[in-house]
Amino acid sequence: RRDPVRQRHDLLRGDARRGRLLLRVRPAVDRDLRQAPPRRQYAARGGDRHRRLARVLEPRLLPEVPDRGPLAAPVMLVEYGDYECGYCGEVYPVIRAVQNALGDRLCFVFRNFPMGEAHPHALHAAELAEAAAAAGRFWPMHDLLFENQDRLDDESLYSYGEQVGLDRSEVAAALTGRFAQRIRK
């Protein structure tokens, strides 16, 4: 007999691959968006603990965090991701579908969270994404890294850097730890 938690996890993974998860969730999200007060009011009603949490997640207070969508959107999704993580790779197309479905009602924030012990190329990929962010090209790099998740060796990273308009010296500086402190924040 299989573990029920594992069965649910497998079901959700399969649904996400086939796009059914979004179809099941979208009506509830639309209903909640129509009924929900603005983010700040909702956080304020939750007490001090929620106000502190809302401040931590507020992108304006994290000025160098890439975001997609208006900061005043009623929904904010914050992903702490690792470009080499299989689960992050599986949810990438689902998040893109949610972004397309919600449009300006969603602000998506991505934070690099490489798990170097489990994923040997994750830190260099995150450093390259930060170099691209410094050049104003984070999202094209983010998408390129997730779409090529199985090819994150250093030579491939140099190629991706060139594809988004970074020169080899910028990529080399990133891969030698220039953005390591920023990633650890």
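Residues numbered from 1 in each chain as written. Predicted model: local features only at pLDDT ≥ 70, side-chain atom pairs only at ≥ 80, totals over all residues. Heavy atoms only, no water.

Engineer: So, the packing of helix α5 (residues 86-102) against helix α7 (residues 138-147): which residues are in play, and what are the values?
Structural biologist: Where α5 meets α7, the closest approach of the two axes is 10 Å, and the angle between their N-to-C directions is 130 degrees. Here α5 is positioned oblique relative to α7, judged by the angle of their axes. Considering only the axes of α5 and α7, their crossing is left-handed. Contacts between α5 and α7 involve C88, G89, Y92 and R96 from the former and H142, D143, F146 and E147 from the latter. Each residue belonging to the contact of α5 with α7 can be placed in one class, and the counts come to three nonpolar, two polar and three charged. (Axes fitted to C-alpha atoms, helices over the stretch in contact; angles between N-to-C directions. Helix = DSSP H or I, 4+ residues; strand = E, 2+ residues; numbered from the N terminus. Parallel < 35°, antiparallel > 145°, perpendicular 65-115°, else oblique. Left-handed = near helix turned anticlockwise from the far one by under 90°. Contact = heavy atoms within 4.5 Å. Nonpolar A, V, L, I, M, F, W, Y, C, P; charged D, E, K, R; others polar.)

Engineer: So what's going on with the sheet that holds strand β3 (residues 106-112)? Which residues, and what values?
Structural biologist: Sheets are built from strands paired through backbone hydrogen bonds, the pairs being either parallel or antiparallel. Pairing is mixed in the open sheet, where three strands are placed in the order β1-β3-β2. In this open sheet, the two edge strands, each paired with only one partner strand, are β1 (67-68) and β2 (75-81). Note that β2 and β3 share seven bridges and pair parallel. From the neighbouring strand, Y80 faces β3, where its bridge partner is R111. (Pairing = 2+ DSSP bridges.)

Engineer: Run through the packing of aromatic side chains, naming residues and quoting values.
Structural biologist: Scanning the model with the defined rule gives eight aromatic pairs in all. Taken together, a centroid distance of 5.2 Å and an interplanar angle of 20 degrees make the contact between Y92 and F146 stacked. Here Y92 is found in helix α5, whereas its partner F146 is found in helix α7, with 54 residues between them in sequence. On the accessibility criterion, F146 (6% relative accessible area) is buried. With centroids separated by 6.1 Å and ring planes inclined at 40 degrees, the aromatic side chains of F110 and F138 adopt a geometry described as tilted. Here F110 is found in strand β3, whereas its partner F138 is found in helix α7, with 28 residues between them in sequence. Across this residue pair, the class does not change: F110 and F138 are buried. (Phe/Tyr/Trp six-rings, centres within 6.5 Å; stacked < 30°, edge-to-face > 60°. Buried < 20%, exposed > 50% of the residue type's maximum accessible area, 1.4 Å probe, protein only.)

Engineer: I'd like a rundown of the packing of helix α6 (residues 122-134) against helix α8 (residues 154-163), residues and numbers included.
Structural biologist: Running from N to C, α6 and α8 cross one another at 15 degrees; their axes reach a closest spacing of 10 Å. Between α6 and α8, the angle is such that the two are roughly parallel. Here the hand of the crossing between α6 and α8 comes out right-handed. Side by side, α6 and α8 meet where H124, A125 and L128 of the first sit next to D154, L157, Y160 and G161 of the second. A breakdown of the residues in the contact of α6 with α8 according to their chemical character gives four nonpolar, two polar and one charged.

Engineer: Lay out α6 with the relevant residues and their values.
Structural biologist: End to end, α6 covers 18 Å across 13 residues, agreeing with the expected 18 Å (1.5 Å per residue, within 8%). Judged by how many residues are buried, α6 sits mostly within the fold: ten of 13 residues are covered. Looking one or two places after α6, you find G136, whose phi comes out positive at around 75 degrees. (Expected span 1.5 Å × (residues − 1).)

Engineer: Can you lay out the state of the cysteines for me, pointing to particular residues and giving the numbers?
Structural biologist: Following the criterion strictly, the structure yields zero disulfides and no others. Among the cysteines around C85, which has no disulfide bond, C88 carries the closest sulfur, lying 3.6 Å off. (Disulfide = S-S within 2.5 Å.)

Engineer: Tell me about the pattern of salt bridges, and please be specific about residues and values.
Structural biologist: Here the structure, examined in full by the defined rule, presents five salt bridges. In this structure, the salt-bridge partner of E130 is R182, at a minimum N-O distance of 2.9 Å. Of the two residues, E130 is situated in helix α6 and R182 in helix α10 (residues 180-184); the sequence distance between them amounts to 52 residues. (Salt bridge = Lys/Arg side-chain N within 4 Å of Asp/Glu carboxyl O.)

Engineer: Now, about the environment of H119: what can you tell me, with residues and values included?
Structural biologist: Considering the arrangement of structural elements, one finds H119 in the loop between β3 and α6. Considered as a pair, H119 and E84 are 35 residues apart in the sequence and their alpha carbons are 6.0 Å apart. With near-sequence residues (within four places) excluded, H119 lies in contact with D82, E84 and C85. Here D82 takes part through its side chain, which lies 2.8 Å from a polar atom of the side chain of H119. (Polar contact = N/O pair within 3.5 Å; in protein donor to acceptor, adjacent residues only side chain to side chain.)

Shape is all these values report; function is a separate question.
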